[in-house]
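# Breakdown of the fold
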Amino acid sequence: MPGLRERMLTWLHRRPQARAWALLAPGGLWLVVFFLIPILIMLAYSLMPRGVYGGVESGVTLEHYARFFDPLYLEILKRTFLWSLAGTLICLILGYPVAFVIVRSKRWRNLLLFLVVLPFWTSFLVRTFAMIFLMRDTGLLNSWLLRLGLIQQPLTILYTPFSVMAGLVYGFLPFMILPIYASLEKLDLSLLEAAEVLGARPRARFFRVTLPLSLPGVIAGCLLVFIPALGSFLTADLLGGAKQMMIGNLVQNQFSAARNWPFGSAASFIVMALVLAGVMLYLRFQDQEPKSVTVQ
Amino acid sequence: MTHSVAPAPVVQLVHVCKSFGFIKAVDDVSLDIYPGEFFSLLGPSGCGKTTTLRLLAGFEVPDAGQVRLLGETVNHKRPYERQISMVFQNYALFPHLSVARNVAFGLEQRKTPRATIEERVERALEMVRLEPDVFAQRMPGQLSGGQRQRVALARALVLEPAILLLDEPLGAIDLKLRKEMQLELKSLNKELGTTFIYVTHDQEEALTMSDRIAVMDVGRVAQLGTPAEIYENPRTAFVAEFIGQSNFFEGQASKQESGEWLIGRPGEGAFKVPQHAALTEGAHVRIAVRPEWMDVWRPEAVPPGENAVIGSIRDIIYLGETMHVIVAVPGLGDVTVAVRNEGQLMKPLSWKAGDRAAVAWLPEDCQVLEG
Amino acid sequence: MNRPLPRWLVAMAAAVYLFLHLPILVLMIFSFNDAKFSAEWRGFTLHWYQRLLERPDVFRALKVSLIVGASATVISGVLGTLVALALARHRFQGRRAFEGFLYVPIVTPEIVVGISLLLLFALLRFPLGLTTITIAHVAFCISFVVIVVLARLKGMDQHLEEAAMILGADEITTFRTVTLPQLWPGILAGALLAFTMSFDDFVITSFVSGPGSSTLPILVYGMVRKNVEPSINAISTIILIVTALLIYVADRLVQDRSLA
């Protein structure tokens, strides 16, 4: 006599689709209701005129998006873009050697990896504050420089483009190191040995074998830094002050002091669009990338 | 007194088909397997042997045809509803359970009383030659490959199944241990009377252990028979090539007034072949001849009545037990002859590379191939 | 390639490591500094830690963070594991689309997630508080849990489940006796990750929390803004150490690969 359990299992067995969707439904529903729909609401808001208290009135308008052609906001977009790009490049220059060293070390590899993974997961807020502690007028750097007699007055390090850039690099460096490490780790050492036997010196081996084969990791790392940097908020907020606004700060501003929710939504949507564009590019690139690399 | 009723098959596949996407993994396969047999599914990777096994186990459902176990059609029965046991390729021992708990798993599912379980687990471990006192509490991670294999076997056999499926169980084991285990499996099969259905790509293994073999290729059964039948009378070129080695010849069949058949090519001489179903006048025929059925002679000294081709010796390869004499025959290519090695140091072959030689064999040793 | 690495390379890597860790170390060291505003070392003290203990708002914030963290972890852990099971063990239509959809929250900037949820709650006139924070945290944690659990599932020998089934265990029993014990370290690692992310989150939380429902990061942000005393260092140190421990444990769990 088939009990409830057997009947349920038989029913599920004959409907593989039902099985899968039964498992997916709770999580999927949560994401639809609390992620997708809110974003759609945000999109809708961005297309509606501003109401008296900063909310929305009924109607449809593109004025909020149009405002982005204003030089002030274009400047913010440009700054966000440039800083993210610069930050990415610096991360690349600093991060690649680290990944390389980790891959080549045998004894310390786990420890070195852990020391990169750790900042990856620890509180961004706290790490950003650590930068403030170092860079502010009464901070450590200034205090040492004064002590050493190298300067007479405290330098203004904080609230400059430099501090924001430093904060971005500091925050996102692990995001660059880990993918490059992953890709270097997969490198087949016998390829390098073959190159050596064919007469290639270390520099040639690096530029013609190692670097090209680690390119997927480099691209992944660049995107993993560039994309979040575009949408970052805390770094510019705490380290940049009012004058160094990135688009993330603009968005936040509209929801607090400036009280312009529709405009804030539009700005937010633009950030999202930029980020998604970057991801699409990356996925497109991944599809085109041949699995085997020809060494010229 | 002869028994005119054959025992009923324990396993039957009736026109079973299974596809994955566009690939026909099992293409209209029909088989009967009898109680107590050691039955092997043999073939190269991708031939469908593992899929066939999984259809028997219940991990796949056939697209067409019937799977019958012990007389019952079980197409939609889940693996846990079938009276069948299995040993997996990588043993699939539960890493978080001890050896004893692994072996007891099936018995626990059947709600067997504790005392009985303990006793049967002990006997099962002894049956696979693992000392219970030493191994029962060990974890799979602490065992060697061969020991894990035995635990997997014990776990399957403790349930006293009528049918045991084995999916290339000896693949990851080194050669010497493999030979040992082959003999053990064979003797377990005879001792217990359990039907063993064994999947392998290793033809030597299949020939050694099986009562019957189904040679599979691209989802179909190429030939089904005893090891002797498969080896000595291969029916298709695939079987002739996959099992052992073969030399191939082809030509057109023509019947003589004497009733004999000749296969020949104009201007190249003809071979006498025994009568065979595939022979019709004018038909294009391929024959296979195994190297060990051939011999090397001086061209003038070929025994009468034998088929022969003449060429020159290209190479002699030392293989230990046998010597392979490669004879280059103009128009036919290389013919390989296997000659028993009577000791090259004491009784060396009188042949050397470059000699003119004839390769000869009896007409009965021609295997006429189908398809 | 057994040749030692060039000196300049090692030096450069060492410098980067220093760059990554020195600020934090300095932060932690100065949490023991006996000086209110100066960055000069004046002596060792636990004064700032004591001050923390005396502050009720710190305890309140900690309580909120823990409650939200625990709830978000349990919910996202369960939901994420279910999704991972579906993705790993079943073929179904719309699979690629769902996978894509699952990974969008990971790339979406926190600002966007925070704002959009604020709009939702405002629209529904739902009061901002612990519930809204928990909802938000679950939303961004699910995807991470899925990734971790999925990785563990993919590493599992699929034949284990088949072996259990052929030994007589039905799907539910197989899941209970074979899949779950194997999966458990992965689920735990995913849960730890979710907790850490929830505990540390600032941006999203700042948009969906109301007055009186400050989490620890929100409190810290306020302190940083007001540029208060080394108490910030103290609380930062505590947060860092707790997080480091959690990450270490999660890392160990993921490494634990029992042999099949």
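Residues numbered from 1 in each chain as written. Chains lettered and ligands numbered in written order. Predicted model: local features only at pLDDT ≥ 70, side-chain atom pairs only at ≥ 80, totals over all residues.

Time to look at the overall build of chain B. The secondary structure content of chain B amounts to 9 helices and 20 strands. Dimensions of chain B, computed from the C-alpha atoms along their principal axes, are close to 80 × 55 × 50 Å. By residue count, 38% of the 371 residues in chain B fall in the buried class. (Helix = DSSP H or I, 4+ residues; strand = E, 2+ residues; numbered from the N terminus. Buried ≥ 20, exposed ≤ 12 C-beta atoms within 10 Å, placed from the backbone.)

Next up on the list: the overall build of chain A. In terms of helices and strands, chain A carries 14 helices and 0 strands. Going from N to C terminus, chain A has its helices and strands arranged as α-α-α-α-α-α-α-α-α-α-α-α-α-α. Whereas a compact globule of 296 residues would reach a radius of gyration of roughly 19 Å, chain A reaches 25 Å, over 25% beyond that. Its C-alpha atoms put chain A at 80 × 70 × 40 Å along the principal axes. (Rg over C-alpha atoms; globule rule 2.2 N^0.38 Å.)

On to the interface of chain C and chain A, then. By a widespread convention, an interface's size corresponds to the accessible area lost as its parts come together. Counting residues at the interface gives 64 residues for chain C and 68 residues for chain A. Per-element accounting of the side of chain C that touches chain A gives the leading share, 12 residues, to helix α1 (residues 7-30) of chain C. Split by residue class, the side of chain C that touches chain A holds 48 nonpolar, 10 polar and 6 charged. (Contact = placed C-beta atoms within 7 Å. Nonpolar A, V, L, I, M, F, W, Y, C, P; charged D, E, K, R; others polar.)

Before going further, it helps to spend a moment on the interface of chain B and chain C. Every contact between the two is made by 21 residues of chain B and, on the other side, 17 residues of chain C. Looking at the side of chain B that touches chain C, the elements that each hand over two or more residues are β6 (84-87) and α2 (99-109) of chain B. Its residues assigned to classes, the side of chain B that touches chain C comprises 13 nonpolar, 6 polar and 2 charged.

Let us now look at unusual backbone geometry. For residues other than glycine, phi is negative in most cases, and the peptide bonds are mostly trans. Its identity as a non-glycine residue notwithstanding, Y91 of chain B has a phi of 75 degrees, on the positive side. Mapped onto the secondary structure, Y91 of chain B falls in the loop between β6 and α2. Residue class for Y91 of chain B comes out buried when judged on the 25 C-beta atoms lying within 10 Å of it. You will see that R125 of chain C, though not glycine, has its phi angle at about 55 degrees, which is positive. Relative to the elements of secondary structure, R125 of chain C occurs in the loop between α5 (110-123) and α6 (130-155).

Moving on, we get to the domain arrangement of chain B. All names here are of chain B. What the domain assignment lists for chain B is domain 1 (11-241) and domain 2 (245-368). Domain 1 and domain 2 are separated by 40 Å when their C-alpha centres are compared. Residue-level contacts link 5 residues of domain 1 with 5 residues of domain 2. Here the side of domain 1 that touches domain 2 is built from residues that sort into 3 nonpolar, 1 polar and 1 charged. (Domains from an automatic or database assignment.)

Sheet strands pair via backbone hydrogen bonds, and the direction of the pair is either parallel or antiparallel. Residues and elements named next belong to chain B. Strands sit in the order β2-β1-β4-β5 across an open sheet of 4 strands; the sheet is antiparallel. Two strands in the sheet have a free side with no partner beyond their single neighbour: β2 (23-33) and β5 (72-73). Of the strand pairs in this sheet, strand β4 (residues 64-69) and β5 are connected by 2 bridges, and their pairing is antiparallel. When the bridges of β5 are listed, L69 appears paired with E72. Along the sheet face, helix α1 (residues 49-57) touches β1 (11-20), β2 and β4 and points at about 65 degrees away from the line of β2. (Pairing = 2+ DSSP bridges. Axes fitted to C-alpha atoms, helices over the stretch in contact; angles between N-to-C directions.)

A residue-level look at chain B finds 97% of positions with pLDDT of 70 or above and a mean pLDDT of 89. What the predictor reports for the complex is a pTM of 0.80 with an ipTM of 0.85. (pLDDT = per-residue confidence, 0-100.)

On to the packing of helix α2 (residues 16-46) of chain A against α5 of chain C. Two elements in contact, α2 of chain A and α5 of chain C, have axes separated by 8 Å at closest approach and are oriented at 85 degrees. Considered as vectors, α2 of chain A and α5 of chain C are oriented roughly perpendicular to each other. Residue-level inspection shows F34, I37, P38, I39, I41, M42 and Y45 of chain A of α2 of chain A in contact with α5 of chain C, the latter providing I115, S116, L117, L119, L120 and L123 of chain C. In the contact of α2 of chain A with α5 of chain C, the residues fall into 12 nonpolar, 1 polar and no charged. (Parallel < 35°, antiparallel > 145°, perpendicular 65-115°, else oblique.)

Quick look at the sheet that holds strand β9 (residues 212-217) of chain B now. Residue and element names in this part refer to chain B. A sheet is described by the order of its strands in space; here 6 strands give the open sequence β6-β7-β8-β3-β9-β10, paired in mixed fashion. Unpaired on one side and paired on the other, β6 and β10 (220-225) mark the two borders of the sheet. The average angle at which neighbouring strand axes cross in this sheet is 20 degrees, direction not considered. Judged from the 5 bridges that link them, strand β7 (residues 163-167) and strand β8 (residues 195-200) form a sheet pairing that is parallel. By the bridge assignment for β8, L166 is matched with Y198.

Two elements in contact, helix α6 (residues 124-135) of chain A and α1 of chain C, have axes separated by 9 Å at closest approach and are oriented at 80 degrees. Taken together, α6 of chain A and α1 of chain C sit at an angle that is classed as roughly perpendicular. Two secondary-structure elements touch here, α6 of chain A through R127, A130, M131, F133 and L134 of chain A and α1 of chain C through P23, I24, V26 and L27 of chain C. A per-class count over the contact of α6 of chain A with α1 of chain C returns 8 nonpolar, no polar and 1 charged.

Residue and element names in this part refer to chain B. In terms of residue burial, β7 counts as a mostly covered element, since 5 of its 5 residues are buried. Of the two faces of β7, the one lined by I163, L165 and D167 and the one lined by L164 and L166 are each fully buried. Each parallel crossover has a hand, and the one from β7 via helix α6 (residues 175-192) to β8 is right-handed. (Right-handed = clockwise from strand over helix to strand, strands pointing away.)

What follows deals with the pairing of β6 of chain B. All names here are of chain B. Of the two faces of β6, the one lined by I84 and M86 and the one lined by S85 and V87 are each fully buried. Summarising the sheet, β6 and β7 pair through 4 bridges and their orientation is parallel. Bridge pairing in β7 links M86 to L165.

Attention shifts here to the confidence of the model for chain A. In this model, chain A carries a mean pLDDT of 85, and residues with pLDDT of at least 70 account for 96%. Confidence over residues 292-296 of chain A falls short of pLDDT 50; this stretch has 4 contacts with residues more than four positions distant or in other chains.

We now examine the environment of V169 of chain A. Its location among the elements puts V169 of chain A in helix α8 (residues 161-185). Once you skip the residues sitting within four places of it in the chain, V169 of chain A turns out to touch G87, I90 and C91 of chain A.

We now examine the nonpolar core. Counting 150 residues, the largest nonpolar core has A99 and V271 of chain A as its most contacted members. It is α8 of chain A that provides the largest number of residues to this core, a total of 15 residues. If you look at the next biggest cluster of nonpolar residues, it comprises 107 residues, including A92, A152, A156 and V239 of chain B. (Core = buried A, V, L, I, M, F, W, Y, C linked by C-beta atoms within 7 Å.)

What follows covers helix α3 (residues 114-127) of chain B. Residue and element names in this part refer to chain B. Here α3 spans 20 Å end to end across 14 residues, near enough to the 20 Å set by a 1.5 Å rise per residue. Of all the residues in α3, the buried ones are I117, V121, A124 and L125. Taken end-on, α3 shows its buried residues confined to a sector of 95 degrees, consistent with a single buried face. Opposite the packed face of α3, turned more than 90 degrees from it, sit the exposed residues A115, T116, E119 and E126. Trailing α3 by a residue or two, R129 shows a phi angle of about 60 degrees, which is positive. (Expected span 1.5 Å × (residues − 1). Arc of directions from axis to C-beta.)

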